[in-house]
Amino acid sequence: ANHAKETAALKAAHAHHATVGQRLDYLEKALGDSADKHYAEVQALKAAHAKHADALDKHGKNAANAMSQHASVAERINYLEKLCGDSADRHARELEELKTAHGAHAKDIAAAKDAQSRIWSEAKKDQARHMSTAERLDLLESRLRHCFSA
């Protein structure tokens, strides 16, 4: 009786469990679905990767074409240095020309000052030799007084 109860309980417990075949079918379905899902995702990733690789290749070619039309940094720096150097050389040359012209003008001004100084000096000498108008009138008046007083 006790044994019969245990056997009945065991049979009832086994009735709620799936058979080995059912369990294998379940595992194969679960793994198969998972494998199919993973395969689809891998294929989608491969397609997206190929699309991005193509886009990158296209942009790389466009960038290479664009870069080939631009001067390199070294070329640009050399150009700027040449431009600044040429400008600096030209400015130095113009500065020397201005200094030379300034020196010539300074000599001309000094010569003009000397000439003006000589002219003033001679004018003062001439003025010293000549009597002023008032002095000349005084002299004439004194001579006339002397002529008429005698």
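Residues numbered from 1 in each chain as written. Predicted model: local features only at pLDDT ≥ 70, side-chain atom pairs only at ≥ 80, totals over all residues. Heavy atoms only, no water.

## A word on the overall build of the chain
Stage number 1. Helix and strand content of the chain: four helices and zero strands.
Stage number 2. The linear arrangement of helices and strands in the chain, starting from the amino end, is α-α-α-α.
Stage number 3. The C-alpha radius of gyration computed for the chain amounts to 61 Å, which surpasses the reference 15 Å derived for 150 residues by more than 25%, pointing to a less compact arrangement than a globule.
Stage number 4. Projected onto the principal axes, the alpha-carbon positions of the chain cover approximately 200 × 45 × 20 Å.
Stage number 5. Among the 150 residues that make up the chain, the fraction classed as buried is 0%.
Stage number 6. About 14100 Å² of surface is accessible on the chain, with carbon and sulfur atoms providing 61% of the total.
Stage number 7. Where the 23 positive side-chain charges of the chain centre and where its 22 negative ones centre are 3 Å apart. (Helix = DSSP H or I, 4+ residues; strand = E, 2+ residues; numbered from the N terminus. Rg over C-alpha atoms; globule rule 2.2 N^0.38 Å. Buried < 20%, exposed > 50% of the residue type's maximum accessible area, 1.4 Å probe, protein only. Areas by Shrake-Rupley, 256 points an atom, 1.4 Å probe, with all protein chains shown as cover. Lys, Arg positive; Asp, Glu negative; His and termini not counted. Charge placed at Lys NZ, Arg CZ, Asp CG, Glu CD.)

## Here we look at a nonpolar patch on the surface
Stage number 1. On the surface, Val20, Leu24, Tyr26 and Leu27 cluster together to form a nonpolar patch covering roughly 450 Å² of accessible area.
Stage number 2. Relative accessible area serves as the criterion here: at 60%, valine 20 is assigned to the exposed category. (Patch = residues over 30% accessible without salt bridge, like charges linked within 9 Å, V, L, I, M, F, W, Y side chains within 5 Å. Salt bridge = Lys/Arg side-chain N within 4 Å of Asp/Glu carboxyl O.)

## Quick look at the pattern of salt bridges
Stage number 1. Here the structure, examined in full by the defined rule, presents four salt bridges.
Stage number 2. Here lysine 61 makes a salt bridge to aspartate 57, at a shortest N to O gap of 3.5 Å. Linking lysine 61 with aspartate 57, this pair stays in helix H2 (residues 20-69), spanning four residues, or about one helical turn.
Stage number 3. Residue arginine 145 pairs with glutamate 141 through a salt bridge whose shortest N-O separation is 3.7 Å. A residue pair is termed a helical-turn pair when its members lie 3 or 4 positions apart in one helix, as arginine 145 and glutamate 141 do in helix H4 (residues 133-149) at four residues.
Stage number 4. For arginine 145, a relative accessible area of 54% gives the class exposed.
Stage number 5. Looking at glutamate 141, the relative accessible area reads 40%, which means it is partly exposed.

## Brief notes about the confidence of the model for the chain
Parts of the model with low pLDDT should not have their predicted coordinates read in detail.
Stage number 1. Here the chain averages 84 in pLDDT, and 97% of its residues register 70 or above.
Stage number 2. Per-element confidence in the chain ranges from a low mean pLDDT of 79 for helix H1 (residues 2-16) to a high of 88 for helix H3 (residues 73-129). (pLDDT = per-residue confidence, 0-100.)

## Some remarks on the environment of lysine 51
Stage number 1. Along the chain, lysine 51 turns up in helix H2.
Stage number 2. Using a relative accessible area of 62% as the deciding quantity, one classes lysine 51 as exposed.

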